[in-house]
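# Residue-level structure breakdown
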Amino acid sequence: MSCPTRASLALLLSLCVAPVAGAATVDAGSAVPSAGSAYLAEVGAALQQADRGDSLGASILLDRLLADPRLARLSIEERSQVWSSAAMVALAQKRDMVAFERLREALVIHPANASARLRMAWLLMVSDQPEAAADNVVRAIADGDGAPDMSPEMVWQLDGQLKQQPAKRLAILQGLFDSHWKIEGIEPTELWVVLATLQVEAGHGDRVSATLDRIDAPTPLIRLRADKRFDPYLRRDDPRHDPVAAARRHIDRMRVDTLLSPGLNETAVELSSALMVAGELQEVIGMTAPLADAAAKAEAAPPEQARYIAWMLDMRSRALRRLGKPDEAVAAQLLALRMADPQGDTVSQNLNLASLYVSLHRPLMARQVMQTVGDDMSAYGASTQALNELRAALQLNDAAAAQRARERLLANRAATPDHYREGLLVDQRMDEAAASLLEQLADPMERGTALFYLQDVRRAPTLPADADLKASWERLKQRADVQAAVNQVGRVDTYPLFAN
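This write-up is about the structure you can find in this document. Source: prediction; values computed, not measured.

Rules behind the numbers
Residues numbered from 1 in each chain as written. Predicted model: local features only at pLDDT ≥ 70, side-chain atom pairs only at ≥ 80, totals over all residues. Heavy atoms only, no water. Phe/Tyr/Trp six-rings, centres within 6.5 Å; stacked < 30°, edge-to-face > 60°. Helix = DSSP H or I, 4+ residues; strand = E, 2+ residues; numbered from the N terminus. Buried < 20%, exposed > 50% of the residue type's maximum accessible area, 1.4 Å probe, protein only. Lys NZ or Arg CZ within 6 Å of the ring centre and 35° of its normal. Axes fitted to C-alpha atoms, helices over the stretch in contact; angles between N-to-C directions. Parallel < 35°, antiparallel > 145°, perpendicular 65-115°, else oblique. Left-handed = near helix turned anticlockwise from the far one by under 90°. Contact = heavy atoms within 4.5 Å. Nonpolar A, V, L, I, M, F, W, Y, C, P; charged D, E, K, R; others polar.

### Focus on the packing of aromatic side chains
Counted by the stated rule, this structure contains two aromatic pairs. Between the aromatic rings of Phe177 and Trp192, the centroid separation amounts to 5.1 Å while the plane-to-plane angle is 85 degrees, which identifies the pairing as edge-to-face. With Phe177 in helix H9 (residues 166-178) and Trp192 in helix H10 (residues 189-201), this residue pair connects regions lying 15 residues apart in the sequence. Each of the two residues, Phe177 as well as Trp192, counts as buried. When the ring of Phe452 is compared with that of Tyr453, the centres are 6.0 Å apart and the planes differ by 55 degrees; the resulting orientation is tilted. Overall, the relative accessible area of 8% leaves Phe452 in the buried class. The lysine or arginine in question, Arg214, covers the ring of Phe177, its NZ or CZ lying 3.8 Å from the ring centre.

In structure tokens, the structure reads:
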């Protein structure tokens, strides 16, 4: 789930209207609708009003309907759903405490209301109560039928918030895995790598093989092969665990899926990403060319397609960058930002454009882009912004701004150790950068990411402002203490693939 939007309110409408149809069917022999049917129809009309953008009018109607004595005549399930739906309209009005109380009432009435529990989990998560949110997610998965209605953004954000709570993190990911949760039909293989790591650390070795069986994509397999903890569970000479072979299988699957589900969707984005990893950059350029031409003539994308259009153009930008065409990459990234849904995720596109400007030694342009990014972002987004700010400040000899950026990186060190270490490398603080990397390699949950970054993979041509940073990273990798730590827990291999 995500913050209430027109789309989510439409879902709530369908949830609330479903009992209306059932009531009408039961009462089909009567010319006069039942009181419950009429009441639910009014609730449905209020939700439709919210779906059309009038959340204030809908909120006024729902306040009255919640005080209506007809509510008490509904079934337990119907009453719970009415309270839950009314909570989401309250959230659209930024009445967070009202929404919380309504969700609590919904769960008092019907504790097994899985959709209400997921909404409560979302509200707790954004209120910085991840442990309580996790408990609600686990209960919702247990009470629900099939995969839970959780957006990838919610899953990733909650997983990040639970980094210091491995038992709860494991419970959520195991629940998602067992319920066959996917992202628009695509296996979230990076999350399953996290799950497998948690299983190993928790002593659940009997479950690891089943988890690995659903990981058939190159980047996750590179991570697993680099980590010696997974040696008992995968054979390095088995084509099933070969990242290069997996890259080809992944592309082939996505080609078939795009034929079965054509158009702009998650499958199209995944295919472009798979082609990027395999280095088939010209194909990415070709498949996104009509989209870029159309976007260049449009002021905005259709809201229902904006997310997919933006990410396809973002892939085009990366492909152009890897082909050594930075100015064309900037143009594509500008289009991606223009096509992004202003009510959705514009932070990623803004930060990607700022990163590109910083690498091209255009710090003022990077700053201008970052000024449009608000404060409402994940720890990953905040540290990405801080790293861009540090690099831009150093390019402009702005000592005060550089220090502020360092402090933000330090504050997010636990959540994003890679960005913190890169900031140290930018500052040429090699001993501290090495200490950070050694600490990450020693951390059971961060080790896989550290090992992945150390692998020898294909890289894009170095942009003007990246040369010193790249050289510092190579020196760090060659340090004796780093190599000794790597050899103890993992290995470095060479792959003819790009790493996203």
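There's plenty left to go through after this.
### A short note on unusual backbone geometry
Even without being glycine, His180 reaches a positive phi, approximately 60 degrees. Tracing the backbone through its elements, the reader meets His180 in the loop between H9 and H10. Positive phi is not limited to glycine here, since Glu184 has a value of about 50 degrees. Here Glu184 shows up in the loop between H9 and H10.

### Thoughts on the packing of helix H4 (residues 76-92) against helix H6 (residues 114-126)
Interaxial distance between H4 and H6 falls to 9 Å at its minimum, and their mutual angle equals 30 degrees. Between H4 and H6, the interaxial angle falls into the category roughly parallel. For the element pair H4 and H6, the recorded crossing hand is left-handed. Counting all contacts with H4, which are made through Gln81, Ser84, Ser85, Met88 and Leu91, the residues of H6 involved are Ser115, Ala116, Arg119, Trp122 and Leu123. By residue class, the composition of the contact of H4 with H6 is five nonpolar, four polar and one charged.

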